[in-house]
Every structure is written in C-alpha cells, then in structure tokens.
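So you can see what is in the structure, the chains are spelled out below.
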Amino acid sequence: DTGVSQDPRHKITKRGQNVTFRCDPISEHNRLYWYRQTLGQGPEFLTYFQNEAQLEKSRLLSDRFSAERPKGSFSTLEIQRTEQGDSAMYLCASSLPRIGANVLTFGAGSRLTVL
Amino acid sequence: DAKTTQPTSMDCAEGRAANLPCNHSTISGNEYVYWYRQIHSQGPQYIIHGLKNNETNEMASLIITEDRKSSTLILPHATLRDTAVYYCIVRSAFGNEKLTFGTGTRLTIIP
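Residues numbered from 1 in each chain as written. Chains lettered and ligands numbered in written order. Predicted model: local features only at pLDDT ≥ 70, side-chain atom pairs only at ≥ 80, totals over all residues. Heavy atoms only, no water.

Undergrad: Lay out the overall build of chain B with the relevant residues and their values.
TA: A count of helices and strands for chain B gives zero helices and nine strands. Element order for chain B, N to C, with α for helix and β for strand: β-β-β-β-β-β-β-β-β. With the principal axes as the frame, chain B shows a C-alpha extent of 40 × 30 × 25 Å. Within chain B, buried positions represent 45% of all 111 residues. Long-range pairs, those at least 24 residues apart, make up 57% of the contacts in chain B with a sequence separation of at least 6. (Helix = DSSP H or I, 4+ residues; strand = E, 2+ residues; numbered from the N terminus. Buried < 20%, exposed > 50% of the residue type's maximum accessible area, 1.4 Å probe, protein only. Contact = heavy atoms within 4.5 Å.)

In structure tokens, the structure reads:
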C-alpha cells in the first residue's frame, strides 16, 4: 500500500503561468477529492470524482481551474494563468464508496508558490 | 452538515492524556463525528470516527455524549509527535460526500 501520491511536492511559478498537479489514489479507491489549504486555515473542498465522473465542484473552483480523471485512476488539477492568491497547498484524497462512514486518505500535498 | 466548535489551541504535558473537546450541538441523527489531525506540512490523517457509541482504536478514544451534541477525543499518553492541528468534523452518512474542515485545535505537547 503506497498510499495517496501527489506530484510535484513543491512548485514555484511566476504569475500568469499554468501549473498542473497529479494525484495517484490508493488503487482500489474509486473516489478522489481535491482540497486547497491556505496558511492557518483548514482544507477547503474543491471537487470530487467517482471513477471518471466529476460529481461535485465547489464555487472555489474558478474557470481557471480544471480537474480531470480520465480513466478513473489518477487525476490532474490544472491552474491556468496563475495568480498570487492561488498560492496554497493542494491536497488530494481518496476513499472507497461506502454508505455511512466514509474515511478519506490524504496525500502529502503539493505546495504552490506564485511569485 | 452540522457545524463544529473547537478551542483554538491547547497544551498538554508529554505522557499525560490529551482531551480535545468538540461541540456539535446541531448534529442530526444520521451524522457521524470524524477526527483528523494534521502534522505540520503533511496531509490530514484520519484518527477515528463514531456515530453514537464511544469508540477506541490504536490511536485514540472518542467519547460522544448521550445527546450527541458534543464529543471528546482522547489521546491516552501524548507524545511530542502528537503535536498537530486536530479537526473535528461532522458529516452525513448519506448524500453529501465531502468532509468540511474548520480551523481545528492546535495541540502542543510540552516536554
């Protein structure tokens, strides 16, 4: 069990550039979540997938953000035309489908710094 | 999902039990209580969850009051590695799939 993997762990970019983060969930988990966390705050939900279907998107996910999970396995989160306000930790989590208790396993996150 | 209220910060001496309270007075009957923690620069880590009964695992115990309006996470013998932000989250068993995090309690274990 390799857990949830995220890549890259750190990304520094200039304002206006595009960045892409990748998340590899635990292999048998068909649910995948993206969260964003800024300094001093708890993680904020962005979006989630069940298999390849994107089932919910937060209003935080502006038009510059797009997430995909093309084959129901790994996922990518792309931010276009980055802004300084996009600087944050981007967290990915995965889980099994389950009615009742649903435990999410998080990755270590990808920290984005926009200069 | 019901809102939770936690103290902003707490200290606990190493080796003692750390008791972290959480108020969720508007919780409904089908909502679970989850606890996660986040050590600096890492992703959140699941600790424990419960619905009505008290729960215990290798990491912690969860005590839920009879009216379910509050709960306490107990770390029985705190170590320095337990220094982290602890999040209490209430989530419905049905429908809404995401966990909604607040700002949590910053627990500092003091040597």
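What follows picks up the thread again.
Undergrad: I'd like a rundown of the state of the cysteines, residues and numbers included.
TA: Across all of its chains, the model carries two disulfides over all chains by this definition. One disulfide bridge connects Cys23(A) with Cys92(A), the sulfur atoms lying 1.8 Å from each other. Where Cys23(A) bonds to Cys92(A) through sulfur, the torsion about that S-S bond is close to -70°, and the disulfide is left-handed. Linking Cys23(A) in strand β3 (residues 19–24) with Cys92(A) in strand β9 (residues 88–95), this pair joins segments that are 69 residues apart in sequence. Cys92(A) carries the same exposure label as Cys23(A), and that label is buried. Cys22(B) shares a disulfide with Cys88(B); S-S distance 2.1 Å. (Disulfide = S-S within 2.5 Å.)

Undergrad: Mind laying out the interface of chain B and chain A, listing which residues take part and the relevant values?
TA: Each side of the interface is counted separately: chain B has 21 residues, and chain A has 23 residues. For the pairing of chain B and chain A, the buried interface totals around 1700 Å² over both sides, and the portion due to carbon and sulfur atoms is 56%. Taken together, chain B and chain A are joined by one salt bridge. Close ionic contact of Glu56(A) with Lys98(B) constitutes a salt bridge, the shortest N to O distance being 2.8 Å. Connecting chain B to chain A are six residue pairs in polar contact (both at pLDDT 80 or more). (Buried area = accessible area lost by both parts, 1.4 Å probe. Salt bridge = Lys/Arg side-chain N within 4 Å of Asp/Glu carboxyl O. Polar contact = N/O pair within 3.5 Å; in protein donor to acceptor, adjacent residues only side chain to side chain.)

Undergrad: Tell me about the sheet that holds β3(A), residues and numbers included.
TA: Residues and elements named next belong to chain A. The strand order β1-β3-β8-β7 describes an open sheet built from four strands, whose pairing is antiparallel. Sheet topology places β1 (5–7) and β7 (65–68) at the edges, where each strand pairs with a single neighbour. Neighbouring strand axes in the sheet, compared pairwise and without regard to direction, differ in orientation by 15° on average. Of the strand pairs in this sheet, β7 and strand β8 (residues 75–79) are connected by four bridges, and their pairing is antiparallel. Residue pairing across strands places Ala67 opposite Leu77, the latter belonging to β8. (Pairing = 2+ DSSP bridges. Axes fitted to C-alpha atoms, helices over the stretch in contact; angles between N-to-C directions.)

Undergrad: Help me get a handle on unusual backbone geometry, residues and values and all.
TA: All names here are of chain A. At the junction of Asp7 and Pro8, the peptide bond is cis and its omega measures out at -5° in the coordinates. Within the secondary structure, Pro8 is located in the loop between β1 and β2 (10–13). One non-glycine residue with positive phi stands out, namely Asn51, at about 55°. Mapped onto the fold, Asn51 is located in the loop between β5 (44–50) and β6 (53–57). The partly exposed category is assigned to Asn51, whose relative accessible area is 32%.

Undergrad: Describe the layout of surface pockets, and please don't skip the residues or the numbers.
TA: Empty space among the atoms can be located by rolling a probe the size of a water molecule over them. Its boundaries defined by the atoms lining it, the largest pocket holds a volume of some 540 Å³. Lining the largest pocket are 24 residues, and of these Gln37(A), Gly40(A), His40(B), Val85(B) and Arg106(B) lie nearest its centre. Residue composition of the lining of the largest pocket, by class: eight nonpolar, 14 polar and two charged. (1 Å grid on protein atoms, 1.4 Å probe; cavity = no way out; pocket = protein on both sides within 12 Å on 5 of 7 lines; lining within 4 Å. Points joined across faces, edges and corners; volume = space filled by probe spheres on them. Nonpolar A, V, L, I, M, F, W, Y, C, P; charged D, E, K, R; others polar.)

Undergrad: Can you tell me about the environment of Ala53(A), naming the residues and giving the values?
TA: All names here are of chain A. Following the sequence through the fold, Ala53 ends up in strand β6. Owing to a relative accessible area of 34%, Ala53 belongs among the partly exposed residues under this scheme. It is 8.6 Å that separates the C-alpha atoms of Ala53 and Pro70, two residues lying 17 residues apart in sequence.

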